[in-house]
Amino acid sequence: SQQGEEDPQALSIQEGENATMNCSYKTSINNLQWYRQNSGRGLVHLILIRSNEREKHSGRLRVTLDTSKKSSSLLITASRAADTASYFCATDDTGFQKLVFGTGTRLLVSP
Amino acid sequence: ETGVTQTPRHLVMGMTNKKSLKCEQHLGHNAMYWYKQSAKKPLELMFVYSLEERVENNSVPSRFSPECPNSSHLFLHLHTLQPEDSALYLCASSPGFTGAKNIQYFGAGTRLSVL
């Protein structure tokens, strides 16, 4: 079954604003990852957060994880036009450790 | 560049054609994957290889046939495809399957159109 579902499906903001994307999943996980995909290209790994972590930072990215609610959020601060992309969360399947990806959030950052 | 190279980038084929997609990684990773990405659908895992051995096949139709001759190369052989098989096909690799080793590195994909 599908693990991650992102919300919102699409987000449009101005440069300099913050962008927040949410991910919900259904079963217990070991790790949750966020990936970014520019239009028609491959996915690029952004950040991994372990199930025993609550918050993690990487540059302008801040990820939170709430295992009790089975949810995660990705915050991009001071967004830039170059941040325009689709963002996916991916959770590991504890049975085999394969990643299950959500449907993604399409982010548009206008100059 | 992620270290994973896919060729060709674009492919148009008829339903009776036979073609192959190629993926190459020189990251020293032990796991390689094929994914299918269709519009408005989640990324679908098709095949997983661990050190050249297929470890997962997610009920993929037999018109898709993977091949992993060594740990650096992965192929997806296509034959008698259907128009609904048109999609972006992504190859990925990872060091392993647990924890941070499960961080996947993707190629740029092959955009396949079946006429």
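Now for a look at the structure at hand. All figures in this text were calculated on a predicted structure; none of them were measured in a lab.

**Points about the overall build of chain A**
What chain A contains, in helices and strands, is 0 helices and 11 strands. If you list the helices and strands of chain A from N to C, you get β-β-β-β-β-β-β-β-β-β-β. Its C-alpha atoms give chain A a radius of gyration of 13 Å, near enough to 13 Å, the size a compact globule of 111 residues would have. Taking the principal axes of its C-alpha atoms as reference, chain A extends roughly 45 × 30 × 20 Å. Within chain A, counting contacts between residues at least 6 apart in sequence, those at least 24 apart form 55% of the total. Per element, the accessible surface of chain A, about 5100 Å² overall, is 44% carbon and sulfur. Each charge sign in chain A was given a centre, from 13 positive and 11 negative side chains, and these centres are 3 Å apart.

**Thoughts on the overall build of chain B**
Tallying secondary structure elements over chain B gives 0 helices and 11 strands in all. Along chain B, helices (α) and strands (β) appear in the sequence β-β-β-β-β-β-β-β-β-β-β when read from the amino end. Expected size for 115 residues packed as a compact globule is a radius of gyration near 13 Å; at 13 Å, chain B falls within 12% of this value. Along the first, second and third principal axes, the C-alpha set of chain B runs to 40 × 25 × 20 Å. Counting only residues that meet the buried cut, chain B has 47% of its 115 residues in that class. Counted over contacts in chain B with a minimum sequence separation of 6, partners at least 24 positions apart contribute 54%. Surface summary for chain B: the accessible area is close to 5300 Å², and the carbon and sulfur share equals 50%.

**Quick notes on the nonpolar core**
Counting residues in hydrophobic clusters, the biggest one holds 22 residues, and the most contacted among them are W34, F64, L76 and L78 of chain B. For this core, the secondary structure elements donating two or more residues are β2 (10–13), β3 (18–25), β4 (31–37), β5 (44–50), β7 (64–70), β8 (73–79), β9 (87–94) and β11 (110–114) of chain B. Within the second largest apolar cluster, 20 residues are counted, among which are C23, Y25, I29 and L61 of chain A.

**Remarks on the pairing of β7 of chain B**
Residues and elements named next belong to chain B. Two elements, β7 and β8, share 5 bridges in a ladder whose sense is antiparallel. Along β8, the bridge assignment pairs P66 with L76. Between the antiparallel neighbours β7 and β8 lie 2 residues.

**Structural notes on the interface of chain A and chain B**
It is common to report an interface's size as the accessible area lost on association of the parts. Counting residues at the interface gives 21 residues for chain A and 23 residues for chain B. Both faces considered, chain A and chain B share a buried interface measuring about 1800 Å² in area, 57% of it formed by carbon and sulfur atoms. The tally of links between chain A and chain B comes to 3 residue pairs in polar contact (both at pLDDT 80 or more). Contributions of two or more residues to the side of chain A that touches chain B are made by β4 (31–37), β5 (43–50), β9 (85–92) and β10 (99–101) of chain A.

**What to know about the sheet that holds strand β6 (residues 55–58) of chain A**
Residues and elements named next belong to chain A. Across the sheet, which stays open at both edges, the 5 strands sit in the order β1-β3-β8-β7-β6 with antiparallel pairing between neighbours. In this open sheet, the two strands that pair with only one neighbour each are β1 (5–7) and β6. Averaged over all neighbouring strand pairs, the angle between strand axes comes to 20°, with direction disregarded. The sheet contact formed by strand β3 (residues 19–24) and strand β8 (residues 71–76) spans 6 bridges and is antiparallel. Directly across from C23, in β8, lies its bridge partner S72.

Reading the values: the criteria
Residues numbered from 1 in each chain as written. Chains lettered and ligands numbered in written order. Predicted model: local features only at pLDDT ≥ 70, side-chain atom pairs only at ≥ 80, totals over all residues. Heavy atoms only, no water. Helix = DSSP H or I, 4+ residues; strand = E, 2+ residues; numbered from the N terminus. Rg over C-alpha atoms; globule rule 2.2 N^0.38 Å. Contact = heavy atoms within 4.5 Å. Areas by Shrake-Rupley, 256 points an atom, 1.4 Å probe, with all protein chains shown as cover. Lys, Arg positive; Asp, Glu negative; His and termini not counted. Charge placed at Lys NZ, Arg CZ, Asp CG, Glu CD. Buried < 20%, exposed > 50% of the residue type's maximum accessible area, 1.4 Å probe, protein only. Core = buried A, V, L, I, M, F, W, Y, C linked by side-chain atoms within 4.5 Å. Pairing = 2+ DSSP bridges. Buried area = accessible area lost by both parts, 1.4 Å probe. Polar contact = N/O pair within 3.5 Å; in protein donor to acceptor, adjacent residues only side chain to side chain. Axes fitted to C-alpha atoms, helices over the stretch in contact; angles between N-to-C directions.

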